[in-house]
Amino acid sequence: MQLRRRDFVNAALATIGTSVLPRIALAEGYPARSVRLVVGFPAGGPVDIAGRLIAPWLSERLGQEFVIENQPGQSGNVATRSVVKSDPDGHTLLVCGPVNTINSTLFKGLDFDFARDIAPVAFLYRVPLVIEVHPSVPVRTVTEFIAHAKANPGKLKIGFAGHGTPQHIGIELFRTMTGIDVALVPYLGSTPALAALLAGSIDAMFDPMPSSIAHIRRGELIPIAVTTSNRSASLPDVPSAAETVPGYEAGSWFGIGAPRMTPTDIVERLNREVNAALENAAMKTRIAELGGTSILGSSTQFSEFIAQETEKYAGVIRSAGIEAN
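Residues numbered from 1 in each chain as written. Predicted model: local features only at pLDDT ≥ 70, side-chain atom pairs only at ≥ 80, totals over all residues. Heavy atoms only, no water.

(A) Representation of the overall build of the protein within the structure. Across its full length, the protein carries 12 helices and 11 strands. The C-alpha radius of gyration computed for the protein amounts to 22 Å, which stays within 12% of the reference 20 Å derived for 325 residues, consistent with globular compactness. In terms of overall dimensions, the protein has a C-alpha envelope of 85 × 45 × 30 Å along the principal axes. A burial count over the protein gives 53% of its 325 residues as buried. Look at the contacts in the protein between residues 6 or more apart in sequence, and 78% of them connect residues 24 or more apart. Once the 28 positive and 30 negative side-chain charges of the protein are each reduced to a mean point, those two points are 4 Å apart. (Helix = DSSP H or I, 4+ residues; strand = E, 2+ residues; numbered from the N terminus. Rg over C-alpha atoms; globule rule 2.2 N^0.38 Å. Buried < 20%, exposed > 50% of the residue type's maximum accessible area, 1.4 Å probe, protein only. Contact = heavy atoms within 4.5 Å. Lys, Arg positive; Asp, Glu negative; His and termini not counted. Charge placed at Lys NZ, Arg CZ, Asp CG, Glu CD.)

(B) Inspection of the packing of aromatic side chains at higher detail. Tallying each qualifying case throughout the model produces 9 aromatic pairs. A centroid spacing of 4.7 Å and a plane angle of 45 degrees characterise the contact between Phe-123 and Phe-302, whose relative ring orientation is tilted. Taken as a pair, Phe-123 in strand β4 (residues 118-127) and Phe-302 in helix α12 (residues 299-320) lie far apart in primary sequence, 179 residues in all. For the pair shown, Phe-123 and Phe-302 are each scored as buried. Between Phe-174 and Tyr-248, the ring centres sit 5.4 Å apart and the planes meet at 85 degrees, which makes this aromatic pair edge-to-face. With Phe-174 in helix α7 (residues 166-178) and Tyr-248 in the loop between β9 (222-226) and β10 (252-259), this residue pair connects regions lying 74 residues apart in the sequence. Like Tyr-248, Phe-174 is buried. What links up through ring pairs into an aromatic cluster is the set Phe-123, Trp-253, Phe-302 and Phe-305. (Phe/Tyr/Trp six-rings, centres within 6.5 Å; stacked < 30°, edge-to-face > 60°.)

(C) Inspection of empty space enclosed by the protein at higher detail. Inspection of the entire model under this criterion finds 2 cavities of 30 Å³ or more. By volume, the largest cavity is sized at about 110 Å³. Along the walls of the largest cavity sit 15 residues, with Phe-41, Pro-46, Val-47, Pro-166 and Gln-167 positioned nearest its centre. Put simply, the parts of the chain that give the lining of the largest cavity at least two residues each are α2 (46-62), α4 (98-106), α7 and β10. Among the residues making up the lining of the largest cavity, the classes are represented as 9 nonpolar, 6 polar and no charged. The volume enclosed by the second largest cavity comes to roughly 50 Å³. Together, Gly-40, Phe-41, Val-47, Gly-76, Ala-79, Thr-80, Leu-94, Val-95, Cys-96, Gly-97, Val-99 and Asn-100 line the second largest cavity. Only α3 (77-84), β3 (92-96) and α4 provide two or more residues apiece to the lining of the second largest cavity. With 3 residues, the single largest contributor to the lining of the second largest cavity is β3. Of the residues in the lining of the second largest cavity, the class split is 7 nonpolar, 5 polar and no charged. (1 Å grid on protein atoms, 1.4 Å probe; cavity = no way out; pocket = protein on both sides within 12 Å on 5 of 7 lines; lining within 4 Å. Points joined across faces, edges and corners; volume = space filled by probe spheres on them. Nonpolar A, V, L, I, M, F, W, Y, C, P; charged D, E, K, R; others polar.)

(D) Examining the environment of Met-209 more closely. Here Met-209 shows up in helix α9 (residues 209-217). What makes Met-209 buried here is its relative accessible area of 0%. C-alpha of Met-209 to C-alpha of Leu-129: the two residues are 80 residues apart in sequence and 5.5 Å apart in space.

(E) Geometry of the sheet that holds strand β7 (residues 183-186). Spatial ordering of the open sheet is given by β7-β6-β8-β5-β9, a layout of 5 strands whose pairing is mixed. Whereas interior strands pair on both sides, the edge strands pair on one side only; in this sheet they are β7 and β9. Between one strand and the next, the sheet's axes are offset by a mean angle of 30 degrees, whatever the strand orientation. Pairing of strand β5 (residues 129-133) with strand β8 (residues 204-208), which is carried by 5 bridges, proceeds in the antiparallel orientation. Residue pairing in the sheet places Glu-132 in a bridge with Met-205 of β8. Across the sheet, α7 lies against β5, β6 (157-160), β7 and β8, angled at about 125 degrees from β8, the strand it touches most. Running at roughly 120 degrees to β8, α9 makes contact with β5, β8 and β9 of the sheet. (Pairing = 2+ DSSP bridges. Axes fitted to C-alpha atoms, helices over the stretch in contact; angles between N-to-C directions.)

(F) Seen up close, the confidence of the model for the protein. Looking at the protein, the pLDDT average stands at 91 and 91% of residues meet or exceed 70. The low-confidence segment residues 16-21, where pLDDT is below 50, has 1 contact with residues more than four positions distant or belonging to other chains. (pLDDT = per-residue confidence, 0-100.)

(G) Molecular detail of the sheet that holds strand β11 (residues 293-294). Spatial ordering of the open sheet is given by β2-β1-β3-β10-β4-β11, a layout of 6 strands whose pairing is mixed. The sheet terminates laterally at β2 (66-70) and β11, the two strands that pair on one side only. Strand direction decides the pairing type here: β3 and β10, joined by 3 bridges, are antiparallel. From the neighbouring strand, Val-95 faces β10, where its bridge partner is Ile-256.

Right, dumping it as structure tokens:
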């Protein structure tokens, strides 16, 4: 019996060794080929912009091409599911944001759990939303926006980048706090929503600053407020919504995730390279131009942040009675 037990232990240790060694070798040779950065929204939107900002840096530093792959649909769930089901070898990554933590509560019966099935890799940056209107809309301040909406119940059309996005939650929170009645118009992402706003098909958006700021600077859209508690250095003359609606705050952030069980060495190497990018002067300037603020931190800190965001948005969604459709 003693021999049998010893043989069993040796066999078990051998099995563990053969499963661990290839993962160690995989980490040492990473990346062995091009890496997909999967984005859950169309090209040109804020999540896409974040991915395209970091991809060239990672390509240069790691010696393989990091390629953006847009997989829009279901408010980012299509892309997340795709990454969850990918091999955990670091060659498929997710450009993630608050939509992923929001969806955990908003969408019932998902066949994946973002917090469980995606390994947090690194923060990128955070940005405010901009409350903006088409120039033809006769409002230029938050006070006027609220008054106009109340004088025309159900008629002011506000576009947003799909159910569960920070835009959606930001609008719903604003609507709850101000008592306005507006028509919500969902799109597949910020890019088609912005196209509709620029064409005058909708009246307003609460959009992350990176995808809107160029249009604002060209005078094509009128910003009436930013949704962070303080004004943005990128649009210093634009007030915060909280100056008119005390306590109101919303925003967006971006980061990188990988399939669960991706080797820790790969996660940590990616984390180091992303943090190095965020400390680069040229990258800092570019992020500031987009209205963003860099967020340096470890993968563990990113994991803790995701847990906090998930809990925060769960409270907002439940208290406001927000539904996916």
